[in-house]
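Residue strings, one per chain:
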Amino acid sequence: MTLGLLLSPTSSHIAGWRHPDAISNAGAEYKDILATANSAEEAKLDFVFLADELCAPEGDADILSRDPVIYRFEPLTLLAALAVSTRKIGLVATQTTTYNEPYHIARKFASLDQLSNGRTGWNLVTSYVEAEARNFSQSEHLKYADRYQRAREFLEVATGLWDSWDDDAFILDKESGRYFDPSKMHVLDHHGEHFDVRGPLNVLRPIQGRPVQVQAGSSEDGRALAGAYAEVVFTAQNSLEKALEFTNDVKNRAEQAGRGTGSVKVLAGVQPIIGATMEEAQQKYRQMQELIHPVIGLTRLSQLLGFDVSVLPLDEPLPEVIPETNSYQSRQKLIVEAARRDNLTIRELYLQVVGAYGHRVVIGTAESVAEELADWFTAGAVDGYILSPTYLPDGFEEFKEQVLPILREKGMFREEYSGDTFREHLGLARPERGEARAEKIAQVQ
Ligand SMILES: Cc1cc2nc3c(=O)[nH]c(=O)nc-3n(C[C@H](O)[C@H](O)[C@H](O)COP(=O)(O)O)c2cc1C
């Protein structure tokens, strides 16, 4: 099983920071972030993950004042610090292709992969938060399909830049005065719809050849991009059947792209809530839910739906028609399906969804939580999980001390790291320079 930990600025549960035992700004103090990353490394997790948005949430200041996700470290800056303070754990950071340039992103990840001795992963997003546009001189957010088109070309260019140098290009021959072998430098000279990039990259080829390619889209566009390029796919799923359908679909698309089903791992988000008894676990869950302030619940639900529900009657169901969003299509679909399936009112819906941002919540004893995680894994519905603990440190420490030993007993999780790079943790090959990312890209487009 592949396991990663979401390193959230404050807590992964929207109100976790209010828990009496929580470090309310765990993501603002480097010492706390490092302590969590070190604890994850001690637990032999595959990676820690830094999510990102290029904006603070927009809205009424009074409402926003209850929203903990108002600040965070810039992920690559923080990742650089973690790269030299940890030794084995994978380091995954989000960077958008909509408000970045390929040369910048290729350069930063190549540098971080060197600094971390080959432990980086890039969670490629196209930015679902419309507000980001207003921080980049844009009045409109790029349309969905355009965002994904740009993402494809962006990734091709970044890949071409990481392939600027053969691994053994730098001969540093003091005798002849040659620093590198000119035949081993490759100028990209890309000219496309969105980018013109000459190259080469002025950073050595990444230790891993390329950072591990992570992606988190679940819509049709998202799945197509995942099938063509992703090595790790993050997803939000709430039923075994839906998770199985998603995973099989993404792996079939990878197969069609000539990549083989083993070349992509699907990880679902999960929020474990553990008690000594089921009753105690349920009590812990209720305590977390009671900490959710209604205005934050409604604001976050509106953001995830891309539709403002804060003005609608709280104890009525969602309206019949919810216009398709230009923001978070797959999450909107997931949440509306849950509302219809369980016949939920808006109040019941935000309480069910916003705590874990629509991800699966598993409540129980250590044994029952381990069982539930193992079930999806053995069924092939997932290759693993991204853990989003309710609050830090306890939300993760309880999982580490109580559930991991059970997963190890089942032979489902490692006792020790067997390699040094993130790719080795995942059992992914190191791509050769110039190796195409996917043979049949033309067919997929
Ligand atoms: C576990 C997980 C982590 C994500 N992290 C981010 C993030 O850090 N920043 C972001 O803009 N989007 C993030 N997303 C959202 C996705 O990038 C994507 O926008 C979303 O899943 C919608 O996908 P779709 O466009 O295919 O519907 C994340 C999604 C998942 C499932």
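Residues numbered from 1 in each chain as written. Predicted model: local features only at pLDDT ≥ 70, side-chain atom pairs only at ≥ 80, totals over all residues. Heavy atoms only, no water.

### Some thoughts on the pairing of strand E9 (residues 265-274)
Line of reasoning, step 1. Across the 10 residues of E9, 10 count as buried, placing the element largely inside the fold.
Line of reasoning, step 2. By the alternation rule, side chains of E9 split into Lys-265, Leu-267, Gly-269, Gln-271 and Ile-273 and Val-266, Ala-268, Val-270, Pro-272 and Ile-274, which are all buried.
Line of reasoning, step 3. As judged from the four bridges shared by strand E8 (residues 232-235) and E9, these two strands associate in the parallel manner. Following the sheet pairing, Val-232 is matched in E9 by Lys-265. (Buried < 20%, exposed > 50% of the residue type's maximum accessible area, 1.4 Å probe, protein only. Helix = DSSP H or I, 4+ residues; strand = E, 2+ residues; numbered from the N terminus. Pairing = 2+ DSSP bridges.)

### Describing empty space enclosed by the protein
Line of reasoning, step 1. The tally for this structure, following the rule as stated, stands at three cavities of 30 Å³ or more.
Line of reasoning, step 2. The wall of the largest cavity is formed by 15 residues, among which Leu-7, Ser-8, Pro-9, Leu-50 and Leu-78 lie closest to the centre.
Line of reasoning, step 3. Looking at the lining of the largest cavity, the elements with two or more residues in it are helix H1 (30-42) and helix H3 (75-85).
Line of reasoning, step 4. Examining the composition of the lining of the largest cavity, we find that three residues originate from one element, H1, more than from any other. (1 Å grid on protein atoms, 1.4 Å probe; cavity = no way out; pocket = protein on both sides within 12 Å on 5 of 7 lines; lining within 4 Å. Points joined across faces, edges and corners; volume = space filled by probe spheres on them.)

### Digging into the layout of surface pockets
Line of reasoning, step 1. Estimates place the volume of the second largest pocket at around 540 Å³.
Line of reasoning, step 2. Around the second largest pocket sit 25 residues that line it, and Glu-58, Gly-59, Thr-299, Ser-302 and Gln-303 are the ones nearest its centre.
Line of reasoning, step 3. At the level of elements, helix H2 (61-64) and helix H9 (294-305) are the ones that each hand at least two residues to the lining of the second largest pocket.
Line of reasoning, step 4. With six residues, H9 is the single largest residue contributor to the lining of the second largest pocket.
Line of reasoning, step 5. The residue makeup of the lining of the second largest pocket, split by class, is nine nonpolar, nine polar and seven charged. (Nonpolar A, V, L, I, M, F, W, Y, C, P; charged D, E, K, R; others polar.)

### Topic: helix H5 (residues 144-162)
Line of reasoning, step 1. In this model, H5 (19 residues) spans 27 Å end to end at C-alpha, consistent with the 27 Å of a helix rising 1.5 Å per residue.
Line of reasoning, step 2. Across the 19 residues of H5, 15 count as buried, placing the element largely inside the fold. (Expected span 1.5 Å × (residues − 1).)

### Overview of the packing of aromatic side chains
Line of reasoning, step 1. A complete count under the given rule lists 14 aromatic pairs for this structure.
Line of reasoning, step 2. Aromatic side chains Tyr-128 and Tyr-328 sit 4.0 Å apart centroid to centroid with 35° between the ring planes, which places their arrangement in the tilted category. One end of the pair, Tyr-128, is in the loop between strand E4 (120-125) and H5; the other, Tyr-328, is in the loop between H9 and helix H10 (329-341), with 200 residues separating them in the sequence.
Line of reasoning, step 3. For Tyr-128, a relative accessible area of 22% corresponds to the partly exposed category.
Line of reasoning, step 4. Assessed through its relative accessible area of 16%, Tyr-328 is described here as buried. (Phe/Tyr/Trp six-rings, centres within 6.5 Å; stacked < 30°, edge-to-face > 60°.)

### Overview of the nonpolar core
Inside soluble globular proteins, nonpolar side chains tend to come together where they are buried.
Line of reasoning, step 1. Judged by nonpolar contacts, the single largest core of 69 residues is most densely connected at Leu-3, Leu-45, Trp-122, Tyr-385, Phe-399 and Leu-407.
Line of reasoning, step 2. Ranked by residue count, the leading element in this core is H5, at nine residues.
Line of reasoning, step 3. Excluding residues that lie within four positions of it along the chain, Tyr-385 makes contacts with Met-1, Thr-2, Leu-3, Gly-4, Leu-267, Ala-268, Val-270, Arg-360, Glu-372, Leu-373, Trp-376 and Phe-377.
Line of reasoning, step 4. Counting residues in each nonpolar core, the second largest holds 27 residues, with Leu-318, Leu-344, Ile-346 and Val-354 among its members. (Core = buried A, V, L, I, M, F, W, Y, C linked by side-chain atoms within 4.5 Å. Contact = heavy atoms within 4.5 Å.)

### Overview of the site of the ligand
Line of reasoning, step 1. The ligand sits among 23 residues. The nearest are Asp-52, Tyr-144, Tyr-148, Ala-216 and Ser-219.
Line of reasoning, step 2. Measuring from an oxygen atom of the ligand, one finds a backbone N or O atom of Ser-218 at 2.8 Å.
Line of reasoning, step 3. Its free accessible area being 610 Å², the ligand has 94% of it covered by the protein chains.
Line of reasoning, step 4. At the level of secondary structure, the elements contributing two or more residues to the shell around the ligand comprise E4, H5, E8 and H10.
Line of reasoning, step 5. In terms of residue class, the shell around the ligand is made up of 11 nonpolar, 10 polar and two charged. (Near = heavy atom within 4 Å. Polar contact = N/O pair within 3.5 Å; in protein donor to acceptor, adjacent residues only side chain to side chain. Areas by Shrake-Rupley, 256 points an atom, 1.4 Å probe, with all protein chains shown as cover.)

### Topic: the pairing of strand E2 (residues 47-50)
A regular strand places its side chains so that they alternate between the two faces of the sheet.
Line of reasoning, step 1. Of the two faces of E2, the one lined by Phe-47 and Phe-49 and the one lined by Val-48 and Leu-50 are each fully buried.
Line of reasoning, step 2. In the sheet, strand E1 (residues 2-6) pairs with E2 via three bridges, with the strands oriented parallel. When the bridges of E2 are listed, Gly-4 appears paired with Phe-47.
Line of reasoning, step 3. At this point the chain moves from E1, through H1, to the parallel E2, and the crossover so formed is right-handed.
Line of reasoning, step 4. Sheet topology note: the E2/strand E3 (residues 90-96) ladder contains four bridges and is parallel. Bridged to Val-48 within E3 is Leu-91. (Right-handed = clockwise from strand over helix to strand, strands pointing away.)

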